[in-house]
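Each chain, written out:
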Amino acid sequence: MKFKQASWANDAHLEPLVFELSRANRTGYTLPQKTPSGANIPENLVRKKLELPELSEPEIVRHYTRLSQMNYGVDSGFYPLGSCTMKYNPKICEELAALETASRIHPYQDEGTIQGALELMYKLERHLAEIAGVARVCLHPSAGAHGEFLGMLLARAYHKSKGKERKEVIVPDSAHGTNFASAAMAGFDVVVVPSNSKGRVDIGALRKAVSKKTAALMLTNPNTLGLFEDEILKIAEAVHKVGGLLYYDGANLNGILGKTRPGDMGFDIVHFNLHKTFSTPHGGGGPGAGPIGVSRKLEKFLPVPVIEYNRKRRRYYLDYRRPHSIGKVKAFYGNFGVLVKAYAYILLMGASGLQEATEAAVLNSNYIMHKLRGVSGYELKFDASGPCKHEIVFSAEPLKRETGVTARDVAKRLLDYGMHAPTYYFPPIVPEALMIEPTETEPKEELDRFVETLKAIADEARSDPEKLRSAPTQTAVGRLDEVKASREPILSWRMYRKLAKQ
Amino acid sequence: MGHPYIPNTHEIREQMLDEMGVASIDELFADIPEKIRLKRELKLPKQMSELEVKRHVRAMLAKNEPFTKMLSFLGGGVWPHHIPSHVQSLVQRSEFLTSYTPYQAEVSQGMLQALFEYQSVVCELTGMDVANASMYDWATAIGEAALMCARVTGRKKVLVPELISPERFAVLQNYAAGPGLELVKLGYDWSTGQLDMSQLRAGLGQDVACVYVENPSYFGFLETQIEEIANATHNAGALLVVGVNPISLGLLKAPGDYGADIVVGEGQPLGNPASFGGPTLGIFACRDDQKLVRQIPGRLIGMTTTLDGKMRGFTMVLQTREQHIRRERATSNICSNEALCAVAAAIYAVSLGPRGLRELAEICAANASYAMKKLDAIDGLEAPIFTSPHFNEFTLRCTHPKFTVENLNTKLLKQGIQGGKPISKEFPEFGETAILCTTELHTKENIDRLVDAVAEAMGARR
Amino acid sequence: MKKLGLIVNPIAGMGGKVGLKGTDGSDVVVKARELGAKPVAPARTVKALRVIKRLGLDFELLTYQAEMGADEAWEAGLVARVIGNVVSGKTTAEDTKRAAVEMLDEKVDLILVAGGDGTMADVVEAVDTRVPILGVPTGVKMHSAVFANTPEAAGEIVARFLRDGLPLREAEVMDVDEEAYRENRLAAKLKGFARVPYEPTMIQATKEGSSGLELADQKAIARWVLELMEKGRIYVLGPGTTTRAVAEELGIYNSTLLGVDLIENYKLVAKDVSEKQILKSIEGKSAAIIVSPIGRQGFILGRGNQQISPDVVRRVGKENVFVIATPQKLASTPTLKVDAGDAKLDDEFRGYIKVITGYRQSRMVKVV
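Residues numbered from 1 in each chain as written. Chains lettered and ligands numbered in written order. Predicted model: local features only at pLDDT ≥ 70, side-chain atom pairs only at ≥ 80, totals over all residues. Heavy atoms only, no water.

J.: Where do I start with the overall build of chain C in this structure?
T.: Each helix and strand counted, chain C has 13 helices and 16 strands in total. When the accessible surface of chain C is summed, it comes to about 14600 Å², and 49% of that surface belongs to carbon and sulfur atoms. (Helix = DSSP H or I, 4+ residues; strand = E, 2+ residues; numbered from the N terminus. Areas by Shrake-Rupley, 256 points an atom, 1.4 Å probe, with all protein chains shown as cover.)

J.: How should the interface of chain C and chain A be read in this particular structure?
T.: Put simply, an interface is often sized by how much accessible area is lost when its parts join up. Facing the 18 residues of chain C at the interface are 29 residues of chain A. Across the contact surface, chain C and chain A share three salt bridges. Across the salt bridge formed by A:Lys400 and C:Glu156, the nearest N and O atoms sit 3.5 Å from each other. Within the residue set of the side of chain C that touches chain A, elements represented by two or more residues are α6 (151-164), β15 (351-358) and β16 (361-367) of chain C. For the side of chain C that touches chain A, the leading source of residues is β16(C), giving four residues. Among the residues forming the side of chain C that touches chain A, the class breakdown is five nonpolar, four polar and nine charged. Both strand β3 (residues 189-193) of chain A and β16(C) contribute to a ladder of three bridges, which runs parallel. Paired with A:Val191 across the two strands is C:Ser362, which belongs to β16(C). (Contact = heavy atoms within 4.5 Å. Salt bridge = Lys/Arg side-chain N within 4 Å of Asp/Glu carboxyl O. Nonpolar A, V, L, I, M, F, W, Y, C, P; charged D, E, K, R; others polar. Pairing = 2+ DSSP bridges.)

J.: Hey, could you run me through the interface of chain A and chain B in this one?
T.: Contacts between chain A and chain B engage 200 residues on the former and 185 residues on the latter. Here chain A meets chain B over a buried area of about 17100 Å², counting both sides, of which 63% is carbon and sulfur. Of all residues in chain A, the largest losses of buried area upon contact with chain B belong to A:Arg47, A:Met185 and A:Leu491, amounting jointly to 5% of the total for that side. For the pair chain A and chain B, the number of links is 15 salt bridges. Residue B:Lys54 is joined to A:Glu95 by a salt bridge in which the shortest nitrogen-to-oxygen separation is 2.9 Å. Between the two partners, chain A and chain B, sit 89 residue pairs in polar contact (both at pLDDT 80 or more). The biggest single contributor to the side of chain A that touches chain B is helix α10 (residues 336-372) of chain A, with 26 residues. (Buried area = accessible area lost by both parts, 1.4 Å probe. Polar contact = N/O pair within 3.5 Å; in protein donor to acceptor, adjacent residues only side chain to side chain.)

J.: It is not clear to me how helix α1 (residues 57-69) of chain A should be interpreted in this structure. Could you clarify?
T.: Since there are 3.6 residues in each turn of an α-helix, residues three or four apart along the chain are aligned in direction. Compared with an ideal rise of 1.5 Å per residue, which puts 13 residues at 18 Å, α1(A) spans 18 Å between its outermost C-alpha atoms and is within 8% of the ideal. Buried within α1(A) we find A:Ile60, A:His63, A:Tyr64, A:Thr65, A:Leu67 and A:Ser68. Packing partners of the buried residues in α1(A) comprise α3 (85-91), α4 (94-97), α5 (109-126) and α12 (339-376) of chain B. (Expected span 1.5 Å × (residues − 1). Buried < 20%, exposed > 50% of the residue type's maximum accessible area, 1.4 Å probe, protein only.)

J.: Please explain the sheet that holds strand β12 (residues 393-398) of chain B as it appears in this structure.
T.: Backbone hydrogen bonds hold the strands of a sheet together, and the pairing may be parallel or antiparallel. Pairing in this open sheet of four strands is antiparallel, and the strands run β11-β12-β15-β14 (chain B) from one edge to the other. Of all strands in the sheet, those bounded by a partner on one side alone are β11 (381-382) and β14 (421-422) of chain B.

J.: Whenever I open this one, the pattern of salt bridges confuses me. Can you help?
T.: Summed over all chains, the structure comprises 78 salt bridges over all chains. Linking B:Asp31 and A:Lys389 is a salt bridge whose minimum nitrogen-to-oxygen distance equals 2.8 Å. Taken together, the residues span two chains, with B:Asp31 in the loop between α1 (10-20) and α2 (50-61) and A:Lys389 in the loop between α10 and β10 (392-395). Considered together, B:Asp31 and A:Lys389 belong to a single accessibility category, that of buried residues. Among the ionic pairs, B:Asp129 bridges to A:Lys498, the shortest N-O distance being 2.7 Å. You can see B:Asp129 sitting in the loop between α5 and β2 (130-131) and its partner A:Lys498 sitting in helix α16 (residues 493-501), one on each of two chains. Residue B:Asp129 is classed as buried on the basis of its relative accessible area, which comes to 9%. You can call A:Lys498 partly exposed: its relative accessible area is 44%.

J.: Is there a simple way to explain the packing of aromatic side chains in this structure?
T.: We describe a pair of aromatic rings using the distance from one ring centre to the other and the angle between the two ring planes. Applying the stated criterion across every chain yields a total of 31 aromatic pairs over all chains. Their ring planes at 80° and their centres at 5.7 Å tell us that B:Tyr218 and B:Phe219 sit as a pair that is edge-to-face. Accessibility expressed as a relative area gives 2% for B:Tyr218, which makes it buried. On the accessibility criterion, B:Phe219 (0% relative accessible area) is buried. Above the ring of B:Trp138, the side-chain terminus of B:Arg168 is found at 3.5 Å from the ring centroid. In this structure, C:Arg223 is placed above the aromatic ring of C:Tyr359, and the distance from its NZ or CZ to the ring centre is 4.3 Å. (Phe/Tyr/Trp six-rings, centres within 6.5 Å; stacked < 30°, edge-to-face > 60°. Lys NZ or Arg CZ within 6 Å of the ring centre and 35° of its normal.)

J.: When you look at the pairing of strand β15 (residues 433-437) of chain B in this model, what are you seeing that I'm missing?
T.: Successive residues of a regular strand alternate their side chains across the two faces of the sheet. Residue and element names in this part refer to chain B. Counting buried positions along β15 gives five out of five residues, so the element sits mostly inside the fold. On β15, burial covers both faces: Thr433, Ile435 and Cys437 on one face and Ala434 and Leu436 on the other are all buried. Pairing of β12 with β15 involves five bridges; the strand directions are antiparallel. Across the sheet, the residue bridging to Arg397 is Thr433, located in β15. As defined by bridge partners, β14 adjoins β15 across two bridges and the pair is classed as antiparallel.

J.: Before we go on, may I ask you to explain the domain arrangement of chain A in this structure?
T.: Residue and element names in this part refer to chain A. By the assigned domains, chain A splits into domain 1 (94-347) and domain 2 (352-486). Computed from C-alpha coordinates alone, the two centres of domain 1 and domain 2 are separated by 30 Å. Of the residues lining the interface, 27 residues belong to domain 1; the matching set on domain 2 comes to 24 residues. Between domain 1 and domain 2 the total buried area reaches about 2000 Å² when both faces are included, carbon and sulfur atoms providing 59% of it. If you sort the residues of domain 1 by the area they bury against domain 2, Leu225, Asn254 and Leu257 come out on top, with a joint share of 27%. Linking domain 1 with domain 2 are one salt bridge. The shortest N-O distance in the salt bridge between Lys259 and Glu359 comes to 2.5 Å. At the surface where domain 1 touches domain 2, the tally comes to six residue pairs in polar contact (both at pLDDT 80 or more). Among the residues making up the side of domain 1 that touches domain 2, the classes are represented as 10 nonpolar, 13 polar and four charged. (Domains from an automatic or database assignment.)

J.: How should I be thinking about the domain arrangement of chain C in this particular structure?
T.: Residue and element names in this part refer to chain C. For chain C, the assigned domains are domain 1 (2-199) and domain 2 (205-367). Placing the centre of domain 1 and that of domain 2 at their C-alpha centroids yields a distance of 29 Å. Opposite the 22 residues of domain 1 that make contact, domain 2 presents 20 residues. Here domain 1 and domain 2 share an interface that buries about 1600 Å² over both sides, 56% of which is from carbon and sulfur atoms. When the buried surface of domain 1 facing domain 2 is broken down by residue, Arg169, Glu170 and Leu190 rank first, second and third, together holding 30% of it. Lys329 is the salt-bridge partner of Glu172, the closest N and O atoms lying 2.7 Å from each other.

J.: Teacher, can you tell me more about the sheet that holds strand β4 (residues 110-115) of chain C here?
T.: Residues and elements named next belong to chain C. The sheet built from five strands is open, its strands ordered β3-β2-β1-β4-β5 with parallel pairing. This sheet does not close on itself; its edge strands, each paired only once, are β3 (80-84) and β5 (133-137). Each neighbouring strand pair of the sheet contributes to a mean axis angle of 25°, computed without reference to strand direction. Across five bridges, strand β1 (residues 2-8) lies against strand β2 (residues 59-64) in parallel orientation. Looking at β2, one finds that Lys2 is bridged to Phe59. In this fold helix α5 (residues 117-127) packs onto β1, β4 and β5, with an angle of close to 150° to the strand it touches most, β4. (Axes fitted to C-alpha atoms, helices over the stretch in contact; angles between N-to-C directions.)

Quick look at the structure:
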């Protein structure tokens, strides 16, 4: 299979910037007539000029269509980004979120006119609570990191209510970067615990790390190496013993749906990524949603409003009477447009479908593990004795030692074969890491092709390493100078013009 | 029968297990301790076909009444506008929709350039030089701005107007809690609503990191003293953060032109539907000052070239900044943002262009002006409650002792009209008051209909 | 074009195989040769150079004559410019120092040094931190933190440094008291600091709060230590650049880099103190100790800071000992060591301790 990405380009650049395509007096829109009276804004508050591009509608459509052709999504091909769960996004979900009854409702509307929205959110909360084994779910956070921040605020409120100020949050060294940042943002000190030789949390280190200062331990299970933390009950015990809380990072939930539940493992706060496990599209970086589930004891701290159901009046309503609530982390009630898609997805899969999805995802990942470990140049740094879950981390260090090419070079070369690169250099505890998550929506043929390609790339590294170092060559543009981008940042058309003048 | 989203059939899965020398799928889950294995099926609805899901969800959502089927005057942080059809069709293109954060720049130039264009559009609108590729919403953008100002100045106090949106303030409180920033509310002039300058000057000590002002305010009026506020703030060594509705910037002076250091706002009205309050789009921009740019949160897309220097391209500019941020207290943790909403915003803005946005803003403001005039003429009503110029939102106070805003709204609803948002609970000092919003969606006839309905509801004279 | 300097100490490591501890002093070298010892450094150097050649870069190699580098370059198939002459078979520490200075004058980007602690100390004595260095592990004495793990690893780091640029971290240069060493008494001295390139992908940069740049991380650590400092408490500050960052954060710019200093009420009250002076100063006071891991093996006590003796630690209290280390340091020494000279005390430190690695950040690190 050959691949060549569209490339709208001349000698100096790709498709021009929309600002560069502008021509005076063109317009891409028409407006209704003005009303009789004027705007009545004092002249000194009115702007003198606004320098935005002027294009007609066909030009705008062509411009962004061309840009989309120089992009790559799950619909384009294999996208094995570890811990991102790039699974297929059902199109029916898009259709439903675009319905007028979903998209043209205002959060301040009279509650009688938004019963459908409240019902959908209420039911979604209940489904997520069942999936995770928690008591209550809040759908407010707009993204995973946002949810993490909420989780940390809840932990803080909980301990404060017990009259204690607990300053520390423990995070494993393999954790996702936002874990550290979210804890710090909520005002906690972060204590990092190392992983053991089997790639799991080192219980000895953890036991030394926990104390009366421990507010929470943040953990993902399966962890970022794709390995199940089989000692989770001991971990939970160590933390609960000192009165700390257990926080679950839901990035890897796709590895355990229907098999076990974070709530049952002892987690008090459970986070979800709807744009991962629940298949809402990633949108090039958002919008997503990062709901938070909690055990009973933390329920009262949840942000307002909480959606409740009045059985007598048979009505859903927004409850603001929550004296212990931590307040708000979002102005409104959550990314509703995303919630609709996740809700539909859960119905499309049902209990049996979600479990099957996890089984197929885990099988796909183990299949890759089995086939790739036989390919020279790649090795498993950690525990290769048992199965992995929905993702697996390989190290390209052998290849680097042999040929000098790095994991990044391998990843860039993969692009030339029409496959998106896996996550690389993460988790940082594995040198030359390649973090591979196929998901359940990939056919076996694609997995085989992936392994074959990695093998071919390893061979190329030996015979002609320059091919990798100069990769990618089949994408819209070749390897970019990222160092220059950070060193001399040009971050807007304004800055670009200013620099051009100098 | 397999599932349409799971290509590997039962047979293929058996085949794979065989190849791997694994007896059954259960072996792959054997490392889950017995005690925590789920021994029953999840209590969820049964799997439904696409047709069934469609019917089910449509029926559920049918219990909503979209504001397009009513006459709604709601705003307050989410504003309905007409979205040109090509905006949504372009962002629905699956190469954009189903892509991830553009870490692999070479294969993601489309998204990167689109986001660079968004950043550029925000800069032109706000008069800033640098804008990030989005935050979650206006409220969290304010929170991040406060944290950033604290980092830059090393100070811990934030001054905000008493008339700040209560929801946005609530979110700011949670962001301020981490590093322990102190939030102080500044009073306002009773008749104009303008920030009380003497309170501002008194409050601007050497411990103030920033002053946050909303312009137009939550109550819809414009801060006419904004330049004075900027000067006083800067003289005290603090930063000025201005919160905006970007639609207003089609007509109003750019914050960059009157001294803002950071501009935050809600980008939803640019090309994104109201969608029950989410997804939203947090705008965040600042001046090109090294001290600020080094601390700006969120993703930034920068222009660069290929390694050989020949071709222009775009890439995420992360390292330099986030490194500096990382070592400070209360760093930004934002990872996924609202990228697709940002692209929609950019497409919307370039579709309208400078004249379209200006005209749009004029229509919105003119509609509000007309509505205020007509409503104010009704006995027992006052619109607006402040004697300052307004943009497209305004306050409506019911001074008639027999009516509350709530029961007026109930009566209006019976006529298919969604009245303004009551603010009596959060701001009891203003009595029975609501905030209304007009956009280009409203015609003169619509406004007349509102006025008639209100008058009728009050049995009042006009 | 990048320039690489190469200095080989041909006799480094000769003592090892025949049971001698170091080759300082020509009489030891003679003894080693009598015992049949063969030079070790040249072969190890060639290994490193071969890796560099294989990774195919464009750079200029500068070195000294014969076995001080030219021979090894030739054997590895690299073209070198010889900038200094030696008397073959009789190379000395002076040659090493001269070579380093001349390479600095030639503005090399990095000096690759094959030798042991003594050689490293010589180079640092000559050029201080004005040019980055990297050690090819060859000597018996390798307490300094400037060595790569293997000759091949040294080659890889050099190649990446020259091709892509790598950040630099500060690394302790240690040397052992020779006489004491041969009498089986360990007395390691901190000789100085060098700047050494490191691979940032092995640092949890931007994830764990590291800025990716060691200097910035040191400042972050210092800021937090400052917040934790209390008035009326006396702080025993161990040697090192990270502890120096703490002093600088307090506005103290004349603390000692290689010695132990005392800080009280945010002021420097004593410099380069001995164990006796420490004990006298902390008497009857609330005290704390702030140390940084030293050397290749990351000793928190017992190397380079022996003034902080078991007595001092006992008086202060183990729970008042704060260990600070940048992520860069921990990446090069993932486990730490303790050898204060008191077995019982050493045992108390073994297991896991909390190391401060950033602003409001710490890590559980294993101590063996």
